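# A structural walkthrough
Below are the chains, spelled out letter by letter.
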Amino acid sequence: MSESRLDIIDQLQSIERKKEAFSENLIAIRSSYFEAGNITFQIDTRDYRDTGATDEAIAFNPALMMQYLSEEIQQLEKQGNELIGKLQNTSLAK
């Protein structure tokens, strides 16, 4: 069963929100006021044995984080373009 136009539009909106968040973080890291940044990991599982652990914040290298964010934005743009192509090929009746 193919996706409806509404499903595709919802996915596009989600991608745009992620791109906006990554772009805002990229701008903040590039700012002359940037002091430091850190990341944390959260792992969700239903496994009763391997539930993960709460970790401490990890400082990141600004250059590596900017590269990561830029690559994520590029990937999201690619996904968005693919969804736009799907949307153009989906009939309006759906």
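Read on for an overview of the structure. Source: prediction; values computed, not measured. (Residues numbered from 1 in each chain as written. Predicted model: local features only at pLDDT ≥ 70, side-chain atom pairs only at ≥ 80, totals over all residues. Heavy atoms only, no water.)

### Some thoughts on a nonpolar patch on the surface
Side chains of Ile39, Phe41 and Ile58 sit close together on the surface and give an oily, nonpolar patch of about 260 Å² of accessible area. Along the chain, Phe41 falls in the loop between strand S1 (38-39) and strand S2 (58-59). (Patch = residues over 30% accessible without salt bridge, like charges linked within 9 Å, V, L, I, M, F, W, Y side chains within 5 Å. Areas by Shrake-Rupley, 256 points an atom, 1.4 Å probe, with all protein chains shown as cover. Salt bridge = Lys/Arg side-chain N within 4 Å of Asp/Glu carboxyl O. Helix = DSSP H or I, 4+ residues; strand = E, 2+ residues; numbered from the N terminus.)

### Some remarks on the nonpolar core
Ile8, Leu12, Phe22, Ile29, Met65, Leu69 and Leu83 are the most contacted members of the largest nonpolar core, which has 13 residues in total. Looking at this core, the elements that each hand over two or more residues are helix H1 (5-30) and helix H2 (62-88). Every residue in contact with Leu12, bar those within four places of it in the chain, is listed here: Gly80, Leu83, Ile84 and Leu87. (Core = buried A, V, L, I, M, F, W, Y, C linked by side-chain atoms within 4.5 Å. Buried < 20%, exposed > 50% of the residue type's maximum accessible area, 1.4 Å probe, protein only. Contact = heavy atoms within 4.5 Å.)

### Points about the packing of aromatic side chains
Applying the stated rule across the entire model yields two aromatic pairs. Arranged with centres 6.4 Å apart and planes meeting at 80°, the rings of Phe22 and Tyr68 form a pair that is edge-to-face. One end of the pair, Phe22, is in helix H1; the other, Tyr68, is in helix H2, with 46 residues separating them in the sequence. (Phe/Tyr/Trp six-rings, centres within 6.5 Å; stacked < 30°, edge-to-face > 60°.)

### Some remarks on H2
The terminal C-alpha atoms of H2 lie 39 Å apart, and with 27 residues this matches the ideal 39 Å at 1.5 Å per residue to within 8%. Buried within H2 are the following residues: Met65, Leu69, Ile73, Leu76, Gly80, Leu83 and Leu87. (Expected span 1.5 Å × (residues − 1).)

### A word on the environment of Asn38
As for its position among the elements, Asn38 is in strand S1. Sequence spacing of Asn38 and Asn61 is 23 residues, and the spatial spacing of their C-alpha atoms is 8.8 Å. Setting aside its immediate chain neighbours within four residues, Asn38 contacts Ala57, Ile58, Ala59 and Phe60.

### A look at the packing of H1 against H2
A packed helix pair is summarised by two numbers, namely the angle formed by the two axes and the spacing between the axes. As a packed pair, H1 and H2 sit with axes 9 Å apart at the nearest point and diverge in direction by 160°. As the angle between them shows, H1 and H2 are arranged roughly antiparallel. Read as a crossing pair, H1 and H2 show a hand that is left-handed. Here the residues of the contact of H1 with H2 sort into 16 nonpolar, six polar and seven charged. (Axes fitted to C-alpha atoms, helices over the stretch in contact; angles between N-to-C directions. Parallel < 35°, antiparallel > 145°, perpendicular 65-115°, else oblique. Left-handed = near helix turned anticlockwise from the far one by under 90°. Nonpolar A, V, L, I, M, F, W, Y, C, P; charged D, E, K, R; others polar.)

### Things to note about H1
The terminal C-alpha atoms of H1 lie 37 Å apart, and with 26 residues this matches the ideal 38 Å at 1.5 Å per residue to within 8%. All buried positions along H1 are accounted for by Arg5, Ile8, Leu12, Ile15, Lys19, Phe22, Leu26 and Ile29. The elements touched by buried residues of H1 are H2.

These figures capture arrangement, not role.
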